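# Inside the fold
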Amino acid sequence: MAFYQNYWVFLMANLEFHTEIHATLEKVYEISQDYAQRYEWDPFPEKIEFLNGATEVALGVKVNVIAKSGLKMIVQFIQVKPPELAAIKMIEGPKVLKVFAGSWLFKSLPNGNTKASFKYTLQAQNWFLPLLSNKIMAWYFGRHVQTRLEGLKRYCEQSAQTV
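Residues numbered from 1 in each chain as written. Predicted model: local features only at pLDDT ≥ 70, side-chain atom pairs only at ≥ 80, totals over all residues. Heavy atoms only, no water.

### Some details on the overall build of the protein chain
What the protein chain contains, in helices and strands, is four helices and seven strands. The helix and strand sequence of the protein chain, counted from the amino end, reads α-β-α-α-β-β-β-β-β-β-α. Here the protein chain, with 163 residues, has 43% of them falling under the buried criterion. By sequence separation, contacts in the protein chain at least 24 residues apart represent 50% of the contacts at least 6 residues apart. Accessible surface, the protein chain as shown: approximately 9300 Å² in total, 56% of it carbon and sulfur. (Helix = DSSP H or I, 4+ residues; strand = E, 2+ residues; numbered from the N terminus. Buried < 20%, exposed > 50% of the residue type's maximum accessible area, 1.4 Å probe, protein only. Contact = heavy atoms within 4.5 Å. Areas by Shrake-Rupley, 256 points an atom, 1.4 Å probe, with all protein chains shown as cover.)

### A look at the nonpolar core
Counting residues in hydrophobic clusters, the biggest one holds 41 residues, and the most contacted among them are Phe100, Phe106, Phe141 and Leu152. Among the elements of the structure, strand S1 (13-21), helix H2 (25-33), strand S3 (62-67), strand S4 (72-81), strand S5 (85-92), strand S6 (97-108), strand S7 (114-124) and helix H4 (130-162) are those that each provide at least two residues to this core. Setting aside anything within four residues of it in sequence, one finds Phe106 in contact with Leu25, Val28, Tyr29, Ser32, Pro83, Glu84, Thr114, Lys115, Ala116, Phe118 and Leu152. (Core = buried A, V, L, I, M, F, W, Y, C linked by side-chain atoms within 4.5 Å.)

### What about unusual backbone geometry?
Note that the residue after Pro82, namely Pro83, is joined by a cis bond; omega there is 0°. When you line up the elements, Pro83 lands in the loop between S4 and S5. Of note, the phi angle at Asn52 is positive, near 55°, even though the residue is not glycine.

### Comments concerning the pairing of S6
Taken together, the five bridges between S5 and S6 define a ladder with antiparallel strand orientation. The residue bridging Ala87 from the neighbouring strand is Ser103, located in S6. The turn joining S5 and S6, which pair antiparallel and follow one another in sequence, is formed by four residues. Summarising the sheet, S6 and S7 pair through eleven bridges and their orientation is antiparallel. Across the sheet, residue Ser103 finds its bridge partner in S7, namely Lys119. (Pairing = 2+ DSSP bridges.)

### Here we look at the pattern of salt bridges
Taken as a whole and judged by the stated rule, the model has five salt bridges. In this structure, the salt-bridge partner of Lys119 is Glu16, at a minimum N-O distance of 3.8 Å. Taken as a pair, Lys119 in strand S7 and Glu16 in strand S1 lie far apart in primary sequence, 103 residues in all. Assessed through its relative accessible area of 44%, Glu16 is described here as partly exposed. The partner of Glu157 in a salt bridge is Lys153, and the shortest N-O contact between them spans 2.9 Å. Here Glu157 pairs with Lys153, and both are found in helix H4, just four residues apart, close to one helical turn. The network of salt bridges with shared partners includes Arg38, Asp42 and Arg148. (Salt bridge = Lys/Arg side-chain N within 4 Å of Asp/Glu carboxyl O.)

### Comments concerning the sheet that holds S7
Reading across the sheet, the seven strands line up as S1-S7-S6-S5-S4-S3-S2 and stay open at both edges, with antiparallel pairing between neighbours. Both edges of this open sheet fall to S1 and strand S2 (45-50), since each of them pairs with a single strand only. Strand-to-strand twist across the sheet, computed as the mean angle between neighbouring axes with direction ignored, equals 20°. Bridging between S4 and S5 involves seven bridges; their strand directions are antiparallel. Residue pairing for S5: Gln76 is matched across the bridge by Lys89. Against the sheet, H2 makes contact with S1, S4, S5, S6 and S7, and its axis sits at roughly 150° relative to S6, the strand it touches most. (Axes fitted to C-alpha atoms, helices over the stretch in contact; angles between N-to-C directions.)

Take a look at the structure:
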């Protein structure tokens, strides 16, 4: 059984994108987790809403996310460490996904800029060809993760110039 479990872990897709943002660590984290500003820079969500009376990012908070593509999922924050980390896992989502988790990490650089890293792990449902299914999901989500990171960079740098 251990081999079988490890086999499916091998089939998970891991995505990781990084960029340097010309803004402070605190500012980048604040913008990334401010859901009122999210629609200004993030091309992925159509709608994001906190659930169960929550009003801000915190450990255990659940959020309903509807993508512009129509994909829907409920995620839960499993790690929150301002201004360095916010991590989620899918607790309910589209039938094509078996596993979805992500973390946004921010690190202050010696030059005063911020390194932003978006990391995701996902696994498609075990269809006929799971390895191919994961590659398709990785391609689809990889495109979105990269454009989201670029959007955050652009927005933070424009905000820093207007201050």
